Number of protein chains: 2
Amino acid sequence: MAVITNARAQSLSIGEVSRETGVNIETIRYYERVKVLPPPSRTQSGRRVYGREDKRVLTFIRRGRELGFTLDEIRALLYLDAPGKVSCAEVKEIASAHLASVRSKIIDLVNLEGVLANAVARCTGDAAPACPVLDILDCR
Amino acid sequence: MAVITNARAQSLSIGEVSRETGVNIETIRYYERVKVLPPPSRTQSGRRVYGREDKRVLTFIRRGRELGFTLDEIRALLYLDAPGKVSCAEVKEIASAHLASVRSKIIDLVNLEGVLANAVARCTGDAAPACPVLDILDCR
DNA sequence: GTTGCATCCTGTAGTAACTACAGGAGCAAG
DNA sequence: CTTGCTCCTGTAGTTACTACAGGATGCAAC
């Protein structure tokens, strides 16, 4: 019965899904182990078989990681999305918190960049008695 | 002979040097284990005793970490500084490489911030059928 | 039908830079 | 002499992977 549907629901080996999603094979197995990716079905000999939905989830995870979400956050996002469509407000909360932490990281890095750029600019590259780069690190 | 000098070279317990440098006790022992901080002298009962120079090095490490240098980079900086004052050019090289990586991290984060801020702004917080936050993560 | 290679499996250990115990000993004050 | 603080070593946990080791399977060519 479900034969035609099954035929359309492409089945991929771990190597194939890895190539198609850009997620490393070892990483896919790791995601399964830490329960961010549900365990796929298996062939009789025990090889993993992935379908369309697995690929979608894996791509979701990859995008999330690229955007700097932790696996915990991604898990939360996935499970919010899954059972009964919990609430968009919760999604917004996770994303807002993440946005705030990104912004504070940017501020830190920009400060840091100023300090470093200044020291490097003042550095002659000669063996001067006082190196400006070492100076900013040194206790004062 | 060196009695007067020793008297001036204050000796601190690990707890004291921790308080004065702001580096956690466990972290100090860790730095010793991974050879970024030289092993200090000990009391007869085996407790670590730190001097003025140790404190200076520890502060250097802390500043370096705050500025995002890795322990490997800091070790290099310390050893460049130490044996025969190698060359300021090498210091400049390490710092410049680090500056470049800081700049590229800033660019990544600013991009990310734009994407996230946009999604969060478009999110109503209601249980909408299509959540803009989940959409940017989802495969398209 | 077997040889050979690619791919897959599990399980463990390594990475960076710590942090957090467990279990024991030293030390100073009351 | 007991209480409580600090210290000691050594090991294991954290995050998000990556890298094996050692073995099984699948498939194609000869």
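Model, not experiment: these values are computed from the prediction. (Residues numbered from 1 in each chain as written. Chains lettered and ligands numbered in written order. Predicted model: local features only at pLDDT ≥ 70, side-chain atom pairs only at ≥ 80, totals over all residues.)

J.: How should I be thinking about the overall build of chain A in this particular structure?
T.: Looking only at helices and strands, chain A features seven helices and two strands. Tracing chain A from N to C terminus, the helices and strands come up as α-α-α-β-β-α-α-α-α. In chain A, 47% of the contacts between residues at least 6 apart in sequence involve partners at least 24 apart. (Helix = DSSP H or I, 4+ residues; strand = E, 2+ residues; numbered from the N terminus. Contact = placed C-beta atoms within 7 Å.)

J.: Got a minute to help me understand the confidence of the model for chain A in this structure?
T.: Parts of the model with low pLDDT should not have their predicted coordinates read in detail. For chain A, the average pLDDT comes to 80, and 76% of its residues sit at 70 or higher. Per-element confidence in chain A ranges from a low mean pLDDT of 43 for helix α1 (residues 3-8) of chain A to a high of 97 for strand β2 (residues 48-49) of chain A. (pLDDT = per-residue confidence, 0-100.)

J.: When you look at the nonpolar core in this model, what are you seeing that I'm missing?
T.: If you look at soluble globular proteins, the nonpolar side chains tend to sit buried side by side. In this structure, A:Leu116, A:Val120, B:Ile28, B:Leu37, B:Leu58, B:Ile61 and B:Ala95 are the most contacted members of the largest nonpolar core, which totals 22 residues. Residue assignment for this core shows that the elements contributing at least two residues are α6 (88-122) of chain A together with α3 (25-33), α4 (52-66), α5 (71-81) and α6 (88-122) of chain B. With 21 residues, the next largest nonpolar core counts A:Val23, A:Ile74, B:Ala119 and B:Val120 among its residues. (Core = buried A, V, L, I, M, F, W, Y, C linked by C-beta atoms within 7 Å. Buried ≥ 20, exposed ≤ 12 C-beta atoms within 10 Å, placed from the backbone.)

J.: I keep staring at the protein's contact with DNA strand C and nothing clicks. Help me out?
T.: Neighbouring DNA strand C are 19 residues; A:Ser13, A:Gly15, A:Arg48, B:Ser45 and B:Thr70 lie closest to it. Broken down by secondary-structure element, the contributors of at least two residues to the surface near DNA strand C are α2 (14-21) and α3 (25-33) of chain A together with α3 and α5 of chain B. Of the residues that constitute the surface near DNA strand C, the class distribution is four nonpolar, eight polar and seven charged. (Near = placed C-beta within 6 Å. Nonpolar A, V, L, I, M, F, W, Y, C, P; charged D, E, K, R; others polar.)

J.: Teacher, can you tell me more about the protein's contact with DNA strand D here?
T.: The environment of DNA strand D is formed by 19 residues, the closest being A:Ser45, A:Thr70, B:Ser13, B:Gly15 and B:Arg48. When contributions to the surface near DNA strand D are tallied by element, the ones reaching two or more residues are α3 and α5 (71-81) of chain A together with α2 (14-21) and α3 of chain B. Considering only residue class, the surface near DNA strand D consists of four nonpolar, eight polar and seven charged.

J.: Would you mind showing me how to read unusual backbone geometry here?
T.: What you tend to see is this: most non-glycine residues have negative phi, and most peptide bonds are trans. Positive phi is not limited to glycine here, since A:Lys35 has a value of about 60 degrees. Of note, A:Lys35 is situated in the loop between α3 and β1 (41-42).

J.: What's the story with α6(B) in this structure? I'm lost.
T.: For an α-helix, 3.6 residues make a turn, and residues three or four places apart therefore share a direction. The terminal C-alpha atoms of α6(B) lie 51 Å apart, and with 35 residues this matches the ideal 51 Å at 1.5 Å per residue to within 8%. Burial in α6(B) covers these residues: B:Cys88, B:Val91, B:Lys92, B:Ala95, B:His98, B:Leu99, B:Leu116, B:Ala119 and B:Val120. (Expected span 1.5 Å × (residues − 1).)

J.: I'm lost on the packing of α2(B) against α4(B) in this one. Help?
T.: Packed helices, taken two at a time, are described by the angle between their axes plus the distance between the axes. Residues and elements named next belong to chain B. At a closest axis distance of 10 Å, the pairing of α2 and α4 adopts a crossing angle of 45 degrees. The orientation of α2 relative to α4 falls into the category oblique. You can see that α2 and α4 cross each other, and the crossing is right-handed. Here Val17, Glu20 and Thr21 of α2 come into contact with α4, specifically with Asp54, Lys55, Leu58, Thr59 and Arg62. Of the residues belonging to the contact of α2 with α4, the class tally is two nonpolar, two polar and four charged. (Axes fitted to C-alpha atoms, helices over the stretch in contact; angles between N-to-C directions. Parallel < 35°, antiparallel > 145°, perpendicular 65-115°, else oblique. Left-handed = near helix turned anticlockwise from the far one by under 90°.)

J.: What's the story with the environment of A:Asn24 in this structure? I'm lost.
T.: Among the secondary structure elements, A:Asn24 is positioned in the loop between α2 and α3. Between the C-alpha atoms of A:Asn24 and A:Thr59, which are 35 residues apart in sequence, the distance is 12 Å.

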